[in-house]
2 protein chains.
Amino acid sequence: MPIPVPAADELARLLGARFSLAQADRELHGGSETYHSAPPPEAVVWPVSTEEVSAIMRICHQHRIPVIGWGTGTSLEGHALALHGGIVMDLMKMDRVLDIRAGDLQVSVQPGVTREALNTELRATGLFFPVDPGANASLGGMAATRASGTAAVRYGTMRDNVLALEVVLADGTVIRTGTRAAKSSAGLDLTALFVGSEGTLGIITELTLRLHGQPEEVAAAVCAFGTLEEAVECVTATIQMGIPMARIEFVDGDAARAFNLQNGTSLHEGPHLMVEFHGSPASVKDDASKFGELAADFGGQGFDWATTPAERAALWRMRHGAYRACLALRPGATAVVTDVCVPMSHLAAAVAAAAEDISSEGLLGPMVGHVGDGNFHSQLLVMPGNAEELAAAKRVATRMAERALAVGGTITGEHGVGVGKRPLMRAQHGAAIGVMAAIKAALDPDNIMNPGKMIPETN
Amino acid sequence: MPIPVPAADELARLLGARFSLAQADRELHGGSETYHSAPPPEAVVWPVSTEEVSAIMRICHQHRIPVIGWGTGTSLEGHALALHGGIVMDLMKMDRVLDIRAGDLQVSVQPGVTREALNTELRATGLFFPVDPGANASLGGMAATRASGTAAVRYGTMRDNVLALEVVLADGTVIRTGTRAAKSSAGLDLTALFVGSEGTLGIITELTLRLHGQPEEVAAAVCAFGTLEEAVECVTATIQMGIPMARIEFVDGDAARAFNLQNGTSLHEGPHLMVEFHGSPASVKDDASKFGELAADFGGQGFDWATTPAERAALWRMRHGAYRACLALRPGATAVVTDVCVPMSHLAAAVAAAAEDISSEGLLGPMVGHVGDGNFHSQLLVMPGNAEELAAAKRVATRMAERALAVGGTITGEHGVGVGKRPLMRAQHGAAIGVMAAIKAALDPDNIMNPGKMIPETN
């Protein structure tokens, strides 16, 4: 349904050239990083202030036009597709770091600041923002999808690192959630409600984030294991001994092969752990040596320590490049990327079952994971247009989710629901879906905020 | 308004002697730890299962009878007073530790398990539950009020340590929020919504909690400072250097005097820090020695290290006994206990302003605080029946909250809203109160869940 003419006129008056009906702009804001697709939105807007976001929402509210927030477009479950038409609101022009409060370990930013841009800005302060999903995503998008990533085992996810938000609601009302205090018990935790709400309850226009001190010492390493079970048991033992790890990632044999092809490395093409320790020189030395002993106990071999910043950067660039590297394993392929998260004690079995399933469906699907929190990913490579492969990949993804639920886990640890995981929401949440739907209906009665996403009860 | 006869009959049939209209039972469940008061509830119920809680809620929902959850009765802001009559639901018979999953660092408990009972149960596992508000509160109550306490600087608050909940809603519907995975991005964060909801949205009937490894080494110390500013600057420097502290508390001169009177100690009657470090023997030694150097830089004197478990226990028993010790400074007094939380950089000024205010009102009000997260408390001692003193104490508490808001802080860091902080909620949250009220109305349209509390818009 095209934008009604009076609404288009109002938006054009408000925004000038920052309101576009052009095909090219719509297509740029209608895609998806993965296999999910939908027709492009009817229009794109680029607000530059909270006031403009509020004014846009008032217009769209009046005319019942769907509004979908947009950051860097790197979400993996089709979160920002315009399923019911409407307007995509691109927030990347709201990209200012507003206020670094180093003494309070806090920063306030607009939603279009990316995590790399923020960390560049912070470099001189001795502080950094640790949440790192790999992609150089916008912080607004990361909050909206409750992103986490490789450093979550030490520093937490967006849930833990967003202190306060400014949000524009469906009717244009501007609210502030949370405070600048480190904690609060003053009322309902609206910050946590909007973090992970995937644009279904409002548009985030400002974030107050927790910062952390850049560690005095960092040590990273990669280490091969004979089997995934041994690698996972090593991690479990490490965590139970209370050895603080900043990152602990596993990559399977296919992913190791992808890394070798992409980076010219010569990793053994079997399971690996990639680890990083942060702390004082004394504690890092102590932690790393204890971990080394544990790894040896579980058959870890060929420890390769990255001691210089450049070597460490190369190591994590390799890990963060996993998505592209794995795509390159099968030229021309696109990917069904899926993630689940299970209690640690079920991780090895869950990964093994997924591997068997991928293989019995005849698919290539490298796996990587944040093994410190039980979260793992499979990137199922399918050729565009091959309906059989796509169906097989979706079956694998669904069974991964169902097995996660069977052991008390979740259908997605960090990618979010979007379109892709929506059919599984009822299986996870049961009657609690009714609570989510009631909250959605209370805050967005006309269902204009990213309709068709996340909560299955809504359209 | 008395319980309607048909409802009383149904409850009696359902619960037998675990439904009581007796004056003594009602009075035992109608009090408050502090100066807040209200007439007792009309009745008390003691369910023993989720099914009973659900059946009670169905009856109360049908007859529109208010229901107020009750744990150990140790809340400080009148959270469990029966302001609008109705039934108090005492959950202390639901006191089973259901399932310790040591490999996953998790435990599932019923709401009536106290934190000390849980830690006794966990002793042999090498794990512990760290949230420690001082009182031996029930874990259900601690979740409902988003409790925190002395160890929050290292291990987080209830917000961070509750993974999943079972909740009975106003109409008796039983839902489950969260999962046993360490993280999830599958939908709205209902766990965070119910943690801190103070019984206004539902009754918590089961909790899944995160556990932590008992630290290999623990070192605790108390150290005197010349001024509060120096003590706080020392803490700020410690945090910015990334030295991980497990606890870091300040006590002012009046509190030190109370400790001496109560415990026969001979602390200098000025500002002190009480600290604790957790970790490996090497890291604790390193952390403690660095902290010692920093403390010396800021004028810290008379470092007294508690090296044995018994000495440490005595130290923290003294701190946790602050409430009783301070009451004893003025025999016969009751207390207006208030807490606020501010960004760290404003802590010294906020405490100094409160001290001046207390003194200029002619009150005695010792202060203690969780200085690592900017949270501090004043315990304003007033004589029962002295309306002038009570009014003065309330003025002080209100101004503390207003000053906290002026620097971006919160009206309560850990005590919660209850009755006492309700008049200040709008000042903190502005238009966001409308969102809280909309959620309350969506989940509890008849307003039977702990009515008259927390959200000012509801009755």
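Model, not experiment: these values are computed from the prediction.

Participant: Before we go on, may I ask you to explain the overall build of chain A in this structure?
Facilitator: Looking only at helices and strands, chain A has 17 helices and 18 strands in total. In terms of overall dimensions, chain A is globule-like: its C-alpha atoms have a radius of gyration of 22 Å, near the 23 Å expected for 459 residues. Every one of the 459 residues in chain A was classed for burial, and the buried ones make up 61%. Restricting the contact set of chain A to residue pairs at least 6 apart, pairs at least 24 apart contribute 72%. Accessible surface computed for chain A: about 15,700 Å², of which carbon and sulfur atoms make up 52%. A gap of 4 Å separates the mean positions of the 35 positive and 50 negative side-chain charges of chain A.

Participant: What is the right way to look at the pairing of strand 8 (residues 162-169) of chain A in this model?
Facilitator: The two faces of the sheet receive side chains in turn, since in a regular strand these alternate between them. Residue and element names in this part refer to chain A. Most of strand 8 sits inside the fold, with eight of its eight residues counted as buried. As paired strands, strand 8 and strand 9 (residues 174-178) are joined by five bridges and run antiparallel to one another. Across the sheet, residue Glu166 finds its bridge partner in strand 9, namely Arg176. Where strand 8 folds back onto strand 9 in an antiparallel hairpin, the turn is made up of four residues, including Gly172, whose phi is positive at roughly 95 degrees.

Participant: When you look at the packing of aromatic side chains in this model, what are you seeing that I'm missing?
Facilitator: Residues and elements named next belong to chain A. On inspection of all chains with the given rule, the structure shows 10 aromatic pairs over all chains. The interplanar angle of 15 degrees and the centroid separation of 5.4 Å between the aromatic rings of Phe303 and Trp305 together place this pair among those described as stacked. The class for Trp305 is partly exposed, based on a relative accessible area of 30%. The side chain of Arg247 reaches across the aromatic face of Trp316, ending 5.0 Å from its centre.

Participant: What's the story with the side chain of Lys183(A) in this structure? I'm lost.
Facilitator: In this fold, Lys183(A) is placed in the loop between strand 9 and helix 8 (190-194). Side chain to side chain, Lys183(A) and Ser148(B) meet in a polar contact 2.7 Å long. One polar contact links Lys183(A) to Glu414(B), side chain to side chain, over a distance of 3.3 Å. Sequence-distant contacts of Lys183(A), defined by excluding residues within four places in its chain, comprise Ser148(B), Gly149(B), Ala152(B), Thr157(B), Cys341(B), His370(B), Asp373(B), Asn375(B), Thr410(B), Gly413(B) and Glu414(B).

Participant: For this particular structure, what's the right way to read the sheet that holds strand 3 (residues 67-70) of chain A?
Facilitator: Sheet strands line up and pair through hydrogen bonds in the backbone, either parallel or antiparallel. All names here are of chain A. Pairing is mixed in the open sheet, where four strands are placed in the order 1-2-4-3. A strand with exactly one partner marks an edge of an open sheet, and here the two such strands are strand 1 (19-20) and strand 3. Relative to strand 4 (residues 87-90), strand 3 is paired through four bridges, and the arrangement is parallel. Note that in strand 4 the partner of Ile68 across the bridge is Val88.

Participant: I keep staring at the environment of Val107(A) and nothing clicks. Help me out?
Facilitator: Residue and element names in this part refer to chain A. Mapping Val107 onto the fold places it in strand 6 (residues 106-109). By relative accessible area, which is 0% here, Val107 ends up buried. Between the C-alpha atom of Val107 and that of Leu209, which follows or precedes it by 102 residues, the distance is 5.4 Å. Residue contacts for Val107: discarding those within four places in its chain leaves Val97, Asp99, Ile100, Leu118, Leu207, Thr208, Leu209 and Leu211.

Participant: Please explain helix 10 (residues 253-263) of chain B as it appears in this structure.
Facilitator: Because an α-helix packs 3.6 residues into every turn, residues spaced three or four apart end up facing the same way. Residues and elements named next belong to chain B. Among the residues making up helix 10, those that are buried are Gly253, Ala255, Ala256, Ala258, Phe259 and Asn260. Here the buried face of helix 10 lies against strand 13 (247-251), strand 14 (272-279), helix 12 (309-320), helix 13 (322-327) and strand 17 (367-370). Of the residues that open helix 10, the one with a side-chain oxygen 3.2 Å from the backbone nitrogen of Asp254 is Asp252. Looking one or two residues beyond helix 10, the residue adopting positive phi is Gly264, at roughly 70 degrees.

Participant: Could you clarify how one ought to interpret the sheet that holds strand 10 (residues 202-210) of chain A in this entry?
Facilitator: Residues and elements named next belong to chain A. Across the sheet, five strands lie side by side as 5-6-10-8-9; this open sheet has antiparallel pairing. Of all strands in the sheet, those with a lone pairing partner are strand 5 (97-101) and strand 9, marking the two edges. Going from strand to strand, the sheet's axes swing by 15 degrees on average, the running direction of each strand aside. Of the strand pairs in this sheet, strand 5 and strand 6 are connected by four bridges, and their pairing is antiparallel. Residue pairing in the sheet places Arg101 in a bridge with Gln106 of strand 6.

Participant: Teacher, can you tell me more about the environment of Arg426(A) here?
Facilitator: Residue and element names in this part refer to chain A. Structurally, the position occupied by Arg426 is in helix 16 (residues 425-429). You can call Arg426 partly exposed: its relative accessible area is 42%. Each C-alpha atom, one on Arg426 and one on Pro456, is 7.3 Å from the other, the two residues being 30 residues apart in sequence.

Participant: Help me understand the relation of the copies chain A and chain B, please; the structure alone is not making it clear to me.
Facilitator: One chain copy maps onto the other through a rotation about an axis and a shift parallel to that axis. Rotating chain A by 180 degrees and moving it 0.0 Å along the rotation axis overlays it on chain B with an RMSD of 0.0 Å. One copy is carried onto the other by what is essentially a two-fold rotation axis. Residue by residue, 100% of the interface of chain A is reproduced at the interface of chain B, so both copies engage with the same surface.

Participant: Would you take a moment to explain the domain arrangement of chain A for this structure?
Facilitator: Interfaces are often sized by the amount of accessible area the parts lose when they come together. All names here are of chain A. As far as domains go, chain A holds domain 1 (5-92), domain 2 (97-213), domain 3 (217-323) and domain 4 (330-417). Just the C-alpha atoms count here: the centres of domain 1 and domain 4 sit 31 Å apart. On the domain 4 side, the residues contacting the five residues of domain 1 number 10 residues. For the pair domain 1 and domain 4, the summed buried area comes to about 660 Å², and 61% of that belongs to carbon and sulfur atoms. Three residues, Tyr35, Leu76 and Glu77, lead the burial of domain 1 against domain 4; their summed loss comes to 76% of the area buried on that side. The interface formed by domain 1 and domain 4 contains zero salt bridges. Summed over the shared surface of domain 1 and domain 4, the result is one residue pair in polar contact (both at pLDDT 80 or more). The residue inventory of the side of domain 1 that touches domain 4, partitioned by class, reads two nonpolar, two polar and one charged.

Participant: Explanation requested: the packing of helix 14 (residues 347-360) of chain A against helix 15 (residues 387-406) of chain A in the structure shown.
Facilitator: Geometrically, a packed helix pair is captured by the angle between its two axes and the distance between the axes. Residues and elements named next belong to chain A. Where helix 14 contacts helix 15, the axes come no closer than 10 Å and their chain directions differ by 160 degrees. On the basis of the axis angle, helix 14 is roughly antiparallel to helix 15. Of the two elements, helix 14 crosses helix 15, and the hand of that crossing is right-handed. Across the interface between the two elements, Ala353, Ala354, Asp357 and Ile358 of helix 14 pack against Val396, Arg399, Met400 and Arg403 of helix 15.

Calculation rules
Starting from 1, residues in each chain are numbered consecutively following that chain's sequence as written. Key to labels: chains lettered from A, ligands numbered from 1, both in the order written. The model is predicted, so local features are restricted to residues of pLDDT at least 70 and side-chain atom pairs to those at 80 or more, both for listing and for counting; the totals for chains, interfaces and linings are taken over all residues. The side-chain values count all of the structure's non-hydrogen atoms but skip hydrogen atoms and water molecules. Helix and strand assignments follow DSSP, with helices taken as H or I runs no shorter than four residues and strands as E runs no shorter than two, numbered in order from the N terminus. Atoms considered for the radius of gyration are the C-alpha atoms alone. The globule rule reads 2.2 Å times the number of residues to the power 0.38. A 1.4 Å probe rolled over the protein chains alone gives each residue an accessible area, and that area as a share of the maximum for its type sets the label: buried under 20%, exposed over 50%, partly exposed in between. We call two residues contacting when some pair of their heavy atoms lies within 4.5 Å. In short, Shrake-Rupley with a 1.4 Å probe defines the accessible areas, and a residue's cover is counted only from the protein chains shown. In this tally, Lys and Arg are treated as positive and Asp and Glu as negative; His is ignored, and so are the chain termini. To locate a charge, take NZ of a lysine, CZ of an arginine, CG of an aspartate or CD of a glutamate. In this description, strands pair whenever DSSP reports at least two bridges between them. In this analysis, rings of Phe, Tyr and Trp, with Trp reduced to its six-membered ring, are considered paired at centre separations within 6.5 Å, and the interplanar angle assigns stacked below 30 degrees, edge-to-face beyond 60, and tilted for intermediate values. For a Lys NZ or an Arg CZ to count as sitting over a ring, it must be within 6 Å of the ring centre and within 35 degrees of the ring normal. We define a polar contact as two N or O atoms separated by no more than 3.5 Å, with the added condition that, inside protein, one atom must be a possible hydrogen donor and the other a possible acceptor, whereas residues neighbouring each other in sequence contribute only through side-chain atom pairs. Working convention: axes come from line fits to C-alpha atoms, limited for helices to the stretch in contact. Angles between N-to-C directions cover 0 to 180 degrees. When the copies are superposed, the least-squares fit takes in the C-alpha atoms of residues with a pLDDT of at least 70 in both. The split of the chain into domains comes from an automatic or database domain assignment. As a working definition, buried area equals the accessible area (1.4 Å probe) given up by two parts on being put together, with both sides summed. Salt bridges are identified by distance alone: a Lys or Arg side-chain nitrogen within 4 Å of an Asp or Glu carboxyl oxygen. Polar here means any residue other than Ala, Val, Leu, Ile, Met, Phe, Trp, Tyr, Cys and Pro, which are nonpolar, and Asp, Glu, Lys and Arg, which are charged; Gly is therefore polar. For this classification, under 35 degrees means roughly parallel, over 145 means roughly antiparallel, 65 to 115 means roughly perpendicular, and everything else is oblique. By definition, turning the near helix anticlockwise from the far helix through less than a right angle yields a left-handed crossing, and turning it clockwise yields a right-handed one.

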